[in-house]
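Take a look at the letters that make up each chain.
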Amino acid sequence: MKRTFPLILVFVFGILGIIPFISPHPTIQGNDEFLRNNLLRIIAAFALVLGLGSLLKVHTDKIKRKMQNWQYSWVLIITFLVTSIIGLFGGIEGDGILPTRIGSFQFDIWTIYWHTEVPLGSTMFALLAFFMASAAYRAFRARSTEATLLLTAAFIVMLGVLPLGNSISPHLPSFAQWIMDVPNVAAQRGILIGVAFGMLATALKIILGIERNWLGGGGAE
Amino acid sequence: MKIVDSLSRIDRRIIYLMLAIVVIFPLIFRSPLSVRVMPPVEKLYYAIDEIPDDKALILNYEIDPQSQPELDPMGFAVIRHAFQRRIKVLIMCLYVQPLGLAQNALTQITNEFNSVAQTNADSIIYGRDYVYLGWVVSPLLVMLGMGESITNVYKVDYYGNKTDTLPLMAKIKNYNNVGLLVSISSGDPPKWWVEYAQNRFGLRVGAGVTAVSGAEFYPYLQTGQFSGLMVGMKGAAEYEEMVEEKLGIKIRRRASEALSSLTYAHLVLIAFIIIGNIGFFIKRRQK
């Protein structure tokens, strides 16, 4: 029963999720609207709590077992708790019951967002440019005909998307655009179709109970 | 032999330093560059421009701090375009992170417009000209739910007002009253809008994406599922160019300013790749 019940639920709700995309019948559309606006939203809220609980559990375990880089888990737990308390009781702009200002020092959610999250997020992404430059220098070698073609296409696109490309030749931006519109689309479409078939097959396997890894491995039936 | 070796083994710190120099200096000594507007951006501009008076533009502002430098100029340019043309705008987010950036963009742009407005009709007024819907859980439910009733999904707006009390929301009920949705994002949301809102409700969709992810969105443009597409800093600069040229809005163009950095960074990258390949070919020949 422990395994059969979830399988029945997945089958029933999997089918109920597909039908509204095929049939415009008012009863089916009404049921779908109920499922989405009432049931799924409640489940999503519970999933959020479950996710946060799981995150805390993983990191407390990491600290207990002194696993690699366990010190960083303290950073996560402390910032998680501090921002949660400030967010829940201090309000977005310091308008809650918890004081979020000591003298001229403010620490409401809005201030934390602008002065911690935004700079940290921007810094992380900015570092990417340096790693990409270093990786491109090391990996981009014209070792074969295919690699040479890739390298040439990369140079054309890199120059074509810049104002400089237009100064070199007015045809360069158009050629770069053609590379993106034609060979790129052909390759992307092939990947997309392959991924779509893969997703369809996986979804069918889960709905029909052939794929059961999501049930987890522990416990007997 | 030593020189050949050093050509293909340049210390990564030298690469980092060179890149930092060419990125930082043009940002300090700003000089906006003009760009040639390419068809994907031009299409998006006209798709927004042609939204009828009785329909609204939904701007899915999915810009997080990580992609802010690249995508924020797109959001700013699209909002300025819509406000200048007096197109009604609904702004919403599918995730929490972009909420602050969207509010910042709205505050800044409404201030720009209202500081030069002479009359109430000229001004950009909340609830009449635009509504900031904010965020509700979860993306798929929002996309499908808004097709039936927007006020049912967003019962209150970002500021806590009941949406069904706002004058604009009395006219904009669901996707039937929406001329176009523009999703500006560093992830997959533009595709989701096509999969769920366009396939099921026929919503027209446009997109603004980062340069890194740009290649995977072109198939949607070719099929016409996207009404237009902005890719990366260059796409943002092209849209800024259109807004300045067609609407006469002369204001700081952040994406166009950043193009100098981008140009020099690309040239440095190309130079290093060429140097690496010269070393590689000499070594191969010697072997």
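> What's the story with the overall build of chain B in this structure? I'm lost.
The number of helices and strands found in chain B is twelve helices and six strands. Considering only C-alpha atoms, chain B reaches an extent of 75 × 45 × 30 Å along its principal axes. Here chain B, with 287 residues, has 47% of them falling under the buried criterion. If you take every contact in chain B between residues at least 6 apart in sequence, the share linking residues at least 24 apart comes to 73%.

> Any chance you could explain the overall build of chain A here in plain terms?
The secondary structure content of chain A amounts to eight helices and two strands. When the helices and strands of chain A are placed in sequence order, the string is α-α-α-β-β-α-α-α-α-α. On C-alpha atoms alone, chain A measures out to a radius of gyration of 26 Å, which is more than a quarter above the 17 Å that the 2.2 N^0.38 rule sets for 221 residues. Expressed along its principal axes, the backbone C-alpha trace of chain A runs to roughly 65 × 60 × 45 Å. Considering chain A as a whole, with its 221 residues, one finds that 10% of them fall into the buried category. Nonlocal contacts in chain A, meaning residues at least 24 apart in sequence, comprise 18% of its contacts between residues at least 6 apart.

> When you look at the domain arrangement of chain B in this model, what are you seeing that I'm missing?
By a widespread convention, an interface's size corresponds to the accessible area lost as its parts come together. Residue and element names in this part refer to chain B. Domain annotation for chain B reports domain 1 (1-32 + 253-287) and domain 2 (34-251). Here the C-alpha centroids of domain 1 and domain 2 sit 36 Å apart. Residues of the side of domain 1 that touches domain 2, tallied by class, amount to four nonpolar, one polar and two charged.

> Could you clarify how one ought to interpret the packing of helix α2 (residues 26-64) of chain A against helix α3 (residues 70-90) of chain A in this entry?
To describe two helices that pack against each other, one gives the angle between their axes and the distance between the axes. Residue and element names in this part refer to chain A. Running from N to C, α2 and α3 cross one another at 140 degrees; their axes reach a closest spacing of 8 Å. Put simply, α2 runs oblique to α3. Crossing of α2 over α3 shows left-handed handedness. The residues of α3 that touch α2, namely those facing Leu56, His59, Lys62 and Ile63, are Trp70, Ser73, Trp74, Leu76 and Ile77. For the contact of α2 with α3, the class distribution of residues is six nonpolar, two polar and one charged.

> Mind showing me how you'd approach the interface of chain B and chain A here?
At the junction of the two partners, chain B supplies 43 residues and chain A supplies 42 residues. When contributions to the side of chain B that touches chain A are tallied by element, the ones reaching two or more residues are α2 (12-28), α4 (68-84), α6 (139-145), α10 (218-222) and α12 (254-286) of chain B. The element that contributes the greatest number of residues to the side of chain B that touches chain A is α12 of chain B, accounting for twelve residues. Residues belonging to the side of chain B that touches chain A are distributed by class as follows: 23 nonpolar, 13 polar and seven charged.

> Is there a simple way to think about unusual backbone geometry in this case?
Leave glycine aside and you will find that most residues have negative phi; peptide bonds, for their part, are mostly trans. Cis geometry marks the peptide bond from Val137 of chain B to Ser138 of chain B; its omega dihedral reads -15 degrees. You can see Ser138 of chain B is positioned in the loop between β3 (130-135) and α6. One non-glycine residue, Lys66 of chain A, lies in the positive phi region at around 50 degrees. In this structure, Asn69 of chain A is a non-glycine residue whose phi angle is positive, near 60 degrees. In this fold, Asn69 of chain A is placed in the loop between α2 and α3.

> Before we go on, may I ask you to explain the domain arrangement of chain A in this structure?
Each assigned domain of chain A is listed here: domain 1 (1-67), domain 2 (71-139) and domain 3 (142-210). The C-alpha-based centres of domain 1 of chain A and domain 3 of chain A are spaced at 35 Å.

> What am I meant to see in the sheet that holds β3 of chain B here?
In a beta sheet, neighbouring strands are held together by backbone hydrogen bonds and run either parallel or antiparallel to one another. All names here are of chain B. Across the sheet, which stays open at both edges, the six strands sit in the order β3-β2-β1-β4-β5-β6 with parallel pairing between neighbours. Of all strands in the sheet, those bounded by a partner on one side alone are β3 and β6 (226-231). Strand-to-strand twist of the sheet, defined as the mean angle between neighbouring strand axes without regard to direction, takes the value 15 degrees. Relative to β3, strand β2 (residues 88-93) runs parallel, the two being bridged by five bridges. Within the sheet, the bridge partner assigned to Leu90 lies in β3 and is Val131. Contacting β1 (56-62), β4 (178-185) and β5 (205-209), helix α9 (residues 189-201) runs over the sheet at an angle of about 150 degrees to β4. Helix-sheet contacts for helix α11 (residues 232-247) involve β5 and β6, and the interaxial angle to β6 is about 115 degrees.

How each quantity is defined
Per chain, residues are indexed from 1 in the order of the written sequence. Note on labels: chains are lettered from A, ligands numbered from 1, in written order. In view of the model being predicted, local features appear only for residues whose pLDDT reaches at least 70, and side-chain atom pairs are presented and counted only at 80 or more, with totals across whole chains, interfaces and linings using the full set of residues. Numbered from the N terminus, helices here are DSSP runs of H or I no shorter than four residues, and strands are runs of E no shorter than two. Between the buried cut of 20 or more and the exposed cut of 12 or fewer other C-beta atoms within 10 Å of a residue's own C-beta lies the partly exposed class, and all C-beta atoms are placed from the backbone. Any pair of residues counts as being in contact when their C-beta atoms, constructed from backbone geometry, are within 7 Å of one another. What the globule rule says is 2.2 Å times the number of residues to the power 0.38, and the radius of gyration is computed from C-alpha atoms. Bear in mind that the domain bounds are from an automatic or database domain assignment. Polar here means any residue other than Ala, Val, Leu, Ile, Met, Phe, Trp, Tyr, Cys and Pro, which are nonpolar, and Asp, Glu, Lys and Arg, which are charged; Gly is therefore polar. Inter-axis angles, ranging from 0 to 180 degrees, are taken between N-to-C directions of lines fitted to C-alpha atoms, where helices are fitted over the stretch in contact. Roughly parallel refers to an angle under 35 degrees, roughly antiparallel to one over 145, roughly perpendicular to one between 65 and 115, and oblique to any angle outside these ranges. A clockwise turn of the near helix away from the far one marks a right-handed crossing, whereas an anticlockwise turn of less than a right angle marks a left-handed crossing. When DSSP finds at least two bridges between two strands, those strands are taken to pair.

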